[in-house]
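# Structural characterization, general
Each chain, letter by letter, is given below.
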Amino acid sequence: MRVVLAGGGTAGHIEPALALADALRREDPTAEITCLGTERGLESRLVPQRGYELALIPPVPLPRTLTPRLLTVPGRLRGAINAAASVLDRARAEVLVGFGGYVATPGYLAARKRRVPIIVHEANPRPGLANRLGARFTEHVAVSHQDSPLPNASFVGIPLRREITTLDRLAVGDKARSYFGLMPDLPTLLIFGGSQGARSLNRAAVAAAPAFRSAGIQVLHIVGPKNNEEPEPAAGPQYVTLPYCDRMDLAYAAADVAMCRSGAMTCAELAAVGLPAVYVPLPHGNGEQRLNAAPIVAGGGGLLVEDAELTPDWIVANLLPVLSNAEQVARMSEAAARLGRRDADLALVRMVYDVVRSREIQ
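Moving on, we come to the overall build of the protein chain. Scanning the protein chain from terminus to terminus reveals 15 helices and 13 strands. Expected size for 362 residues packed as a compact globule is a radius of gyration near 21 Å; at 21 Å, the protein chain falls within 12% of this value. For the protein chain, the C-alpha atoms occupy an extent of roughly 65 × 45 × 35 Å along the three principal directions. Here the protein chain holds 362 residues, and 55% of them are scored as buried.

As C-alpha cells, then:
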C-alpha cells in the first residue's frame, strides 16, 4: 500500500491525516505513507514527530477575494503542482487522500494529471475551496456532517488519535485527576481554547473563580502558552492553570464538563469520548464553529453561548447548575457519546483499500 496524504497548514487538516496514517500502519505495518506539506505549516513539525515522511512543496495560499495577489497564483500553482506530481511519481502512489487546506489543491491537480485515484475528506460543514475542487475529480468523498453539500458524500466522521478513540473516561478518571493535582471526588470543569488559548474564555472563567469555589467545583484551565490569566489564591477547590497540555486524553478523563471553542476536531473528540461541553464559537469567520457544535447541542450533549455573551454572570446562571447536577451531566454525556464516532479512521481505511483494489481490477 503506497499512499500520499495531503493535509497541511492547520492542525484541523493535519491531525485527521495523521490519524489515518496511524490506522493504515496498524492495518499494514509495511504501508508506505508520504505526507505533502510546506516549510511554513504545522506539518513541518507534527509529521516528522509522528514518524512519517514529509515531502515539501511550495506553498500557494489562495486568496478568498479578488485581489492583485490572484494574478500571481497561476504561475506559483503550476510550480506546486509539478512538485506534487514529482512526489506522487517518487512514491509510486496508488491513491492520494486530501484533507483540504492549501497543500491539497496542488495535490488534487497533480493526482488528476498523473491519473492517481483521489479520496477527499472534509471535516467541516462548509467545504473549503480545495475540497470543493477535489470533489469534482472523484466519486470518493468522505465527510463528517450528514448534510454536506459535496457531491458523492459518504458520512464517515473525523479520524481521531488512538488515545482519544480508546479512552475510557470513567476507568481512568481518578488517575487523570491525580495527574493534574485535582481531588478525585469533586465536580470538575475543563476549560481550553485551542493550542493558543482563548482570551475571552480565560477572562470570563477567571472572573468566575470565586463562584466555582463557592459551588464546590474544581477547575482545570489550559490558558494557552502566551496567556497568564489565573485567579488569586484562595481557599476552596483547586483552580489549576496550565499554559499547555500535551495529554488532552487525561484532561478529558479528568473532567465532567468542558468549556471550549467549537472547532471541528474539538467537537469530534468531545463527542467521541462523551464529554459534554459549553461551546463558545469563535466570534469571527464564516460561522463554521457554530455549525460544528449545533448537532451536539441539539442532541442534548452540550450548551452553546456566543462569545460576547460569555460572562461570569452567564456562567453562574447556566453552567454552575449543570456542574452541580450529576444526573444531568450523565444524561448530557450519554447524549454526546451517541453523536460521536470513534471508528472514522477505520472507515476511511476501508475506503482507501476499496479505491486501491478497484484500481488493481481495472
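On we go from here.
Turning to the packing of helix 11 (residues 264-273) against helix 12 (residues 288-298), a few remarks are in order. Look at helix 11 against helix 12: their axes get within 8 Å of each other, and the N-to-C directions meet at 20 degrees. With respect to helix 12, the axis of helix 11 lies roughly parallel. Crossing geometry of helix 11 relative to helix 12 is assigned as left-handed. Between helix 11 and helix 12, the contacting residues are A264, C267 and A271 on the first element and N292, A293 and I296 on the second. Within the contact of helix 11 with helix 12, the residues separate by chemical class into five nonpolar, one polar and no charged.

Okay, the packing of helix 13 (residues 312-323) against helix 14 (residues 326-339) next. Geometry of a packed helix pair, given as the angle between the helix axes and the separation of the axes. Interaxial distance between helix 13 and helix 14 falls to 6 Å at its minimum, and their mutual angle equals 90 degrees. By the angle between their axes, helix 13 is roughly perpendicular relative to helix 14. Counted together, P321, V322 and L323 of helix 13 and Q328, V329 and M332 of helix 14 form the full contact between these two elements. Split by residue class, the contact of helix 13 with helix 14 holds five nonpolar, one polar and no charged.

Criteria and thresholds
Residues numbered from 1 in each chain as written. Predicted model: local features only at pLDDT ≥ 70, side-chain atom pairs only at ≥ 80, totals over all residues. Heavy atoms only, no water. Helix = DSSP H or I, 4+ residues; strand = E, 2+ residues; numbered from the N terminus. Rg over C-alpha atoms; globule rule 2.2 N^0.38 Å. Buried < 20%, exposed > 50% of the residue type's maximum accessible area, 1.4 Å probe, protein only. Axes fitted to C-alpha atoms, helices over the stretch in contact; angles between N-to-C directions. Parallel < 35°, antiparallel > 145°, perpendicular 65-115°, else oblique. Left-handed = near helix turned anticlockwise from the far one by under 90°. Contact = heavy atoms within 4.5 Å. Nonpolar A, V, L, I, M, F, W, Y, C, P; charged D, E, K, R; others polar.

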